[in-house]
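Chain residues, written in single-letter form:
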Amino acid sequence: MESSNSESISFNNIGNSPTAMSVSNSSSPSSSTAPSRYENQKRRDWNTFGQYLKNHRPPLSLSRCSGAHVLEFLRYLDQFGKTKVHTPICPFYGHPNPPAPCPCPLRQAWGSLDALIGRLRAAFEENGGKPEANPFGARAVRLYLREVRDLQSKARGVSYEKKKRKRPPQQQIQSLPLPLPPPPGAA
């Protein structure tokens, strides 16, 4: 019951039915007239977060939203997760493909949360928020995501090491010896 990092989190009516969440992995070709899949997902995520703030007790305005509220939102989303995260006492702790079921909790995958925060961070600024006041870029949120990544990496036996970017080979024209001119009289 592992989940890939490309899953997208979306909701239908978060206030009335928290189980109305759907996860989509489909991709469709983008056309020049319709918004891209990324833009559509970003809009849905932004609307979901807005609905979360509206349903918050007491209701919160975006201007009063902080990194702590973002963390509360991420913890709330965990209940809809589909990624098995083994506890340290589980016999399958550290195994990416356990051979039998276990009672460990299902959580949101780190990659999904990381992508969600990236989309919400961009949406905040696109909707008039100032970059220096962006709650999605708060230090507490970055630390939380790092903690989730490390915990899931150990618990699931999955490495989240950053892939090194392949760089094109450097041209070494300057280091190559230049050909010597032919000796005089040789033709």
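For the structure itself, look to the data block above.
The rules behind these values
Residues numbered from 1 in each chain as written. Predicted model: local features only at pLDDT ≥ 70, side-chain atom pairs only at ≥ 80, totals over all residues. Heavy atoms only, no water. 1 Å grid on protein atoms, 1.4 Å probe; cavity = no way out; pocket = protein on both sides within 12 Å on 5 of 7 lines; lining within 4 Å. Points joined across faces, edges and corners; volume = space filled by probe spheres on them. Helix = DSSP H or I, 4+ residues; strand = E, 2+ residues; numbered from the N terminus. Buried < 20%, exposed > 50% of the residue type's maximum accessible area, 1.4 Å probe, protein only. Contact = heavy atoms within 4.5 Å. Salt bridge = Lys/Arg side-chain N within 4 Å of Asp/Glu carboxyl O.

### With respect to the layout of surface pockets
Put simply, the largest pocket is a space of about 150 Å³. Every residue along the wall of the largest pocket is listed here: Asp78, Val85, Arg107, Gln108, Tyr144, Glu147, Val148, Leu151 and Gln152. It is helix α4 (residues 139-156) that provides the largest number of residues to the lining of the largest pocket, a total of five residues.

### Some details on the side chain of His69
Topologically, His69 is positioned in helix α2 (residues 67-77). Residue classification places His69 among the buried residues on the basis of a relative accessible area of 17%. Apart from the residues within four sequence positions on either side, His69 is in contact with Tyr52, His56, Leu60 and Arg64.

### Some details on the pattern of salt bridges
The tally for this structure, following the rule as stated, stands at five salt bridges. Of the charged contacts, one joins Arg119 and Asp45 as a salt bridge, the two residues approaching to 2.4 Å between their closest N and O atoms. Placement of Arg119 in helix α3 (residues 110-126) and of Asp45 in helix α1 (residues 37-55) is noted, with a sequence separation of 74 residues between them. Each member of the pair, Arg119 as well as Asp45, carries the same accessibility label: buried. With its nearest N and O atoms 4.0 Å apart, the salt bridge here joins Asp78 to Arg107. Here Asp78 is found in the loop between α2 and β3 (83-84), whereas its partner Arg107 is found in strand β4 (residues 106-107), with 29 residues between them in sequence. Among the residues examined, Arg107 registers a relative accessible area of 32% and is labelled partly exposed. One network of salt bridges, with partners in common, ties together Glu39, Lys42 and Glu126.

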